[in-house]
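Inside the fold
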Amino acid sequence: MLQIQQIKENKATTIEGLKRKYFKDAEEIVEKVLVLDEKRRETQVELDTTLAKSNALAKEIGGLMKAGKKEEAETAKAETSALKVRSKELEEVLKSTEAELYEVLVTLPNLPHSSVPAGKTPEENEVVLENGTIPTLPENVQPHWDLIKKYDIIDFELGNKITGAGFPVYKGKGARIQRALINFFLDEAINAGYTEIQPPILINKESGFGTGQLPDKDGQMYHATEDDLFLIPTAEVPITNMYRDVILQETDLPIKNAGYTPCFRREAGSWGAHVRGLNRLHQFDKIEIVRIEKPENSYAALEEMSLHVQSILQKLELPYRVLRLCGGDMSFTSALTYDMEVWSAAQGRWLEVSSVSNFETYQANRLKLRMKTEGKSQLLHTLNGSALALPRILAAILENNQTETGIKIPKVLVPYCGFEEIA
């Protein structure tokens, strides 16, 4: 959530930033925020003045009575009663104004960093770098949705029978390579200094609000209505919310956590190869890295997180590229996001496998996550990234490593899998 002081001191910059994220009616909404804030402050001043005057008169009444000034005391009592009525009216106005201001503020997305390119669509994202060699495959190359049937390692029909579309069943070597990827990604995170966390996969509304999924992504999350809990879309949510309403000491920082969880998303499906097979699922596995940093260190941390993800892709021998997302393609809460995409040889296109983002103080303001230093508290910066999401990584491994006789397993995964080939 944006800070009011930030909006007041940087009105023009705020409006420009909202427009770069294609937020509708930016000028009108910002003006409404400032008007409501002015009303809130004026009401608070009048309320404080009224209460102070009422308290002062209440103290005078006893002295007037002792001095025998009954008529003056009765006048003071009447004035005190009127002031109490007025203070209650002002309290109601203040309460409703604060509520209205809050409701407007939570609709505002985070502002993009100055380096975020202009643009609205994925085609306008900036390619930062490309790494690796596109593999040369045999003429009869097959997409992963055919390979998984050929080698009987993932069963979409069975998942559809048990649950529904987008819930695959992993079998045999398919299940083992899933487990191998999870363990490999976790080991890489631990070796990079992250603490492993195993969080709940159900969250309450407060947690969904804290990291910005609610109210923005309400319809995209699975909701257990009787208990009013949500299945997590990413481990970012429970791991970051460990620090909701927490005041950290400077010596606690930086905080680097990593966690494996299944993830659940009710994204509306569509037809076509771009969502076929493992390209888009309602349930999938992911390792998430989450950091809490002092503001002056957060962008160096973001670059470090990007390099961490890239190092994993390099070890998996997957061609990849890094994109800096344009304003219109960024998430509601992000100030700067890098997407990592791997090359899918059979599909002939890039597949997104990771997003690494800096939220600056946006989430921290919602979470009330602060650091105490020199007797003062300040909001911290939060960051997170996929390191990595499994489905499209597995799709690329299957497609890029297929041969006439089977599918070769990347060397780094062999100790985790216990086999060198799917045949």
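One structure accompanies this document, and this report is about it. (Residues numbered from 1 in each chain as written. Predicted model: local features only at pLDDT ≥ 70, side-chain atom pairs only at ≥ 80, totals over all residues. Heavy atoms only, no water.)

1. A short note on the overall build of the protein
Convention followed: Each helix is a run of H or I in the DSSP string that is no shorter than four residues. Each strand is a run of E no shorter than two, and both are numbered from the N terminus. What makes two residues a contact is simply this: any of their non-hydrogen atoms within 4.5 Å. In this description, accessible areas are obtained by the Shrake-Rupley approach with a 1.4 Å probe, and a residue is regarded as covered only by the protein chains that are shown. Only four residue types enter the tally: Lys and Arg on the positive side, Asp and Glu on the negative side; His and the chain ends are excluded. Where a charge lies is defined by one atom per residue type: Lys uses NZ, Arg uses CZ, Asp uses CG and Glu uses CD.
Looking only at helices and strands, one finds 13 helices and 18 strands in the protein. Structurally, the protein occupies a C-alpha span of about 110 × 45 × 45 Å along its principal axes. Long-range pairs, those at least 24 residues apart, make up 74% of the contacts in the protein between residues at least 6 apart in sequence. Surface exposure of the protein reaches about 20500 Å², of which carbon and sulfur atoms provide 50%. Charge separation in the protein, taken as the distance between the mean sites of 51 positive and 62 negative side-chain charges, equals 3 Å.

2. A closer look at the sheet that holds strand S8 (residues 247-249)
Pairing between the strands of a sheet is mediated by backbone hydrogen bonds and can be parallel or antiparallel. Selection rule: Pairing between two strands is assigned when DSSP locates at least 2 bridges connecting them. Think of each axis as a best-fit line through the C-alpha atoms, taken over the contacting stretch in the case of a helix, with angles from 0 to 180 degrees between the N-to-C directions.
The mixed open sheet is built from three strands, whose spatial order is S8-S14-S15. On the outer flanks of this sheet lie S8 and strand S15 (376-379), each paired with one strand and no other. The sheet shows a mean angle of 40° between the axes of neighbouring strands, taken without regard to direction. Relative to S15, strand S14 (residues 370-373) runs antiparallel, the two sharing four bridges. What sits directly across from Arg370, in S15, is Leu379.

3. Brief notes about the pattern of salt bridges
Counted only if it meets this: Any Lys or Arg side-chain nitrogen found within 4 Å of a carboxyl oxygen on Asp or Glu counts as a salt bridge. Accessibility here uses a 1.4 Å probe with only protein chains present; expressed as a share of the type maximum, an area under 20% marks a residue as buried, one over 50% as exposed, and anything in between as partly exposed.
As enumerated under the stated definition, the model contains 25 salt bridges in all. Among the salt bridges present, the one from Asp37 reaches Arg41, with a minimum N-O distance of 3.4 Å. Placement of the pair is Asp37 and Arg41 together in helix H3 (residues 26-66), with a separation of four residues, close to one helical turn. A salt bridge links Arg291 to Glu304; the nearest nitrogen and oxygen atoms lie 2.9 Å apart. Linking Arg291 in strand S10 (residues 283-293) with Glu304 in helix H10 (residues 298-315), this pair joins segments that are 13 residues apart in sequence. Take Arg291: its relative accessible area is 4%, and that puts it in the buried class. Taken together, the salt bridges that share partners define one network made up of Lys8, Asp37, Glu38, Arg40 and Arg41.

4. Looking at the packing of helix H2 (residues 11-20) against H3
The criterion, for reference: Throughout, the term roughly parallel applies to angles under 35 degrees, roughly antiparallel to angles over 145, roughly perpendicular to angles from 65 to 115, and oblique to all others. A crossing counts as left-handed when the near helix is turned anticlockwise from the far one by less than a right angle, and as right-handed when that turn is clockwise.
Running from N to C, H2 and H3 point in directions that differ by 140°, and their axes come no closer than 9 Å. One element, H2, and the other, H3, form an angle in the oblique class. Helix-helix and strand crossings are classified by hand; for H2 and H3 the assignment is right-handed. Residue-level contacts link Lys11, Thr14, Ile15, Leu18 and Lys19 of H2 to Ala26, Glu27, Val30, Glu31 and Leu34 of H3.

5. Focus on the sheet that holds strand S6 (residues 223-224)
Across the sheet, three strands lie side by side as S5-S7-S6; this open sheet has antiparallel pairing. If you trace the sheet from one side to the other, it starts and ends with strand S5 (202-203) and S6, each paired once. Pairing geometry for S5 and strand S7 (residues 229-231), over two bridges, is antiparallel. Across the sheet, Leu202 pairs through a bridge with Leu231, a residue of S7.

6. Concerning the side chain of Arg324
Cut-off, in case you're wondering: Polar contacts, as counted here, are pairs of nitrogen or oxygen atoms within 3.5 Å of one another; within protein the pair requires one atom able to donate a hydrogen and one able to accept it, and residues that are adjacent in sequence qualify only if both atoms are side-chain atoms.
Along the chain, Arg324 falls in strand S11 (residues 320-324). At 3.5 Å, the side chain of Arg324 and the side chain of Tyr338 are in polar contact. With residues up to four places along the chain from it excluded, the contact list for Arg324 reads Ser115, Val116, Pro117, Asn125, Glu126, Val128, Leu336, Thr337 and Tyr338.

7. Thoughts on the side chain of Ser386
The topology assignment puts Ser386 in strand S16 (residues 381-389). Taking relative accessible area as the criterion, Ser386 reaches 9% and is therefore assigned buried. Filtering out sequence-adjacent residues up to four positions away, Ser386 remains in contact with Lys286, Ile287, Glu288, Val309, Val353, Ser354 and Ser355.

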